[in-house]
Amino acid sequence: MINLILFGSFFVMLLLNIPIAVSLGMSSIFALLFSSSPLTVVPTNVYSGMAKFLLLAIPFFVLSGNIMAKAGISSRLVAFADDCVGHRRGGIAIVAVIVACFFGAISGSGVATASAIGGITIPAMKREGYPAPFAVGVASISSILGPIIPPSIVLIVSASITNVSVAELFLGSVLPGIILAVALIAYGLYYGHKHNLPAHEKPNLRKIGASVRKGIWALLMPIIILGGIFGGIFTPTEASAVAVVYSLIISLFVYKDMSFKELPQVFVEGAVSTATIMVMVGLSSASSYVITTSGLPQQLVSFFSSITNSPVVILLLLNILFLIIGMLMEANAAVVMMTPILLPLLNAFGIDLLQFGIVMSFNLCIGLVTPPVGLCLLLCNQTGETRLSHSLKAMMPMLLISIIVLFLITYVSPLTTLLPSIMAG
């Protein structure tokens, strides 16, 4: 009954458009009142949920992404990628995928990637004669690479709950991100040739060299961040602070596209985004307390055990569950809500937490382009000024590719565990 009150009130408040963080907190309070438990557990668990050193990486990565977006980094990355592959048919679509990888390695956010990259590539594709729905579709699906390729905010939140090394999660997500990017590039080439899309003139080495010189500082940023983490030079939290310092130096003194007067606004935007995530993480700890004390995780283990004893089937059911949840809930919220419930189930069936953390995050990132939430799709569709149904139809082949890659990394475990094991060895 307690769980019915918790989840029932939560989803009712979501339907009433009450913010997710508030819905989490209020539903937890309702459940505690029903069970006659002291409400003091709410602030206690909120504090313990947020007071983790690892979570300090979130505000820094958010801030560095905002700074680089304001400094016009995305336009330099687009220009560089366009000079390299723009001479192919469907070249700008390929550019959107490549630049999303680079920008994702800077911001770790799908929405930030959709805003920065979609805002440039969608109008460019439309000017070149690309169908507007396809332009929206490719920019939308490319944006999910942002939170898949490290550093990923979703993976940081997952690591804070499961106590899995965030550096290992980052390493494990590299191959899935590369596989998805290559698959999307291949589809872009196929679509470009099939529909005879325009191609730019092949650039000479001098022009490519000029693009490299202009964009070198932006290109170096993900190399510094990820190289530092994977090389053991600094922790992910320290890397996030390095990213902020680097982005400030590049934006203010190298590219000079941002002035000191703009810094307060950038800091405020970063603070608002961080507060939303952190409050949600903290309040989810209160709901996790209610869920754990109610015995729901044990009931879930018993229920699934009565259905099957195969981890293969369990992973299939969980993937279907998260594909549905991703349509309805923001990724970070889904991670903090569902992970505590599923941990006993994962342990009971011997499912590797490192692999599952990456699979769950990848799955929920697909939700960024699936209605009714689909924030990245909605944002890009607004930029493309076309009908949502047309954009969704154009994106469907790419969405199917993403789901195929999802099941590939679900059942071929070396794709997520190979790099962490190599680095550990």
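The coordinates are above.
Residues numbered from 1 in each chain as written. Predicted model: local features only at pLDDT ≥ 70, side-chain atom pairs only at ≥ 80, totals over all residues. Heavy atoms only, no water.

What follows is about the nonpolar core. Core analysis: the largest hydrophobic core is formed by 133 residues, its most contacted members being Ile58, Phe134, Ile144, Leu145, Leu180, Leu342 and Phe356. Those residues within four positions of Ile58 in sequence are excluded, and the remaining contacts are Ile153, Ile156, Val157, Ile277 and Met278. Of all hydrophobic cores here, the second largest spans 8 residues; its members include Leu248, Leu252, Met258 and Val266. (Core = buried A, V, L, I, M, F, W, Y, C linked by side-chain atoms within 4.5 Å. Buried < 20%, exposed > 50% of the residue type's maximum accessible area, 1.4 Å probe, protein only. Contact = heavy atoms within 4.5 Å.)

Moving on, we come to the environment of Thr370. The topology assignment puts Thr370 in the loop between helix H19 (353-366) and helix H20 (375-384). Along the primary structure Thr370 and Gly326 are separated by 44 residues, whereas in three dimensions their C-alpha atoms are 7.5 Å apart. Not counting the four nearest positions on each side in its chain, Thr370 is found in contact with Gly326, Met327 and Leu399. Here the side chain of Thr370 touches Gly367 through a polar contact of 3.3 Å, landing on its backbone oxygen. (Helix = DSSP H or I, 4+ residues; strand = E, 2+ residues; numbered from the N terminus. Polar contact = N/O pair within 3.5 Å; in protein donor to acceptor, adjacent residues only side chain to side chain.)

A separate point is the layout of surface pockets. Approximately 1,100 Å³ is the volume found for the largest pocket. Val111, Thr276, Glu330, Asn332 and Leu375 are, among the 41 residues lining the largest pocket, the residues nearest its centre. Of the residues in the lining of the largest pocket, the class split is 27 nonpolar, 11 polar and 3 charged. (1 Å grid on protein atoms, 1.4 Å probe; cavity = no way out; pocket = protein on both sides within 12 Å on 5 of 7 lines; lining within 4 Å. Points joined across faces, edges and corners; volume = space filled by probe spheres on them. Nonpolar A, V, L, I, M, F, W, Y, C, P; charged D, E, K, R; others polar.)

So, on to the packing of helix H6 (residues 91-107) against helix H12 (residues 174-194). The contact between H6 and H12 brings their axes to 9 Å, and the two run at 165°. When the interaxial angle is binned, H6 and H12 end up roughly antiparallel. For H6 against H12, the interelement crossing comes out left-handed. Counted together, Ile94, Val97, Ile98 and Cys101 of H6 and Ala181, Leu184, Ile185 and Leu189 of H12 form the full contact between these two elements. Of the residues assigned to the contact of H6 with H12, the class counts are 8 nonpolar, no polar and no charged. (Axes fitted to C-alpha atoms, helices over the stretch in contact; angles between N-to-C directions. Parallel < 35°, antiparallel > 145°, perpendicular 65-115°, else oblique. Left-handed = near helix turned anticlockwise from the far one by under 90°.)

The omega torsion of the bond from Pro150 to Pro151 falls at 0°, within 30 degrees of zero and hence cis. Position of Pro151 among the secondary structure elements: in the loop between helix H9 (145-148) and helix H10 (153-162). The phi dihedral of Asn196 is positive, around 55°, even though this residue is not glycine. Phi is positive for Lys256, close to 55°, though the residue is something other than glycine. Tracing the backbone through its elements, the reader meets Lys256 in the loop between helix H14 (236-254) and helix H15 (263-294).

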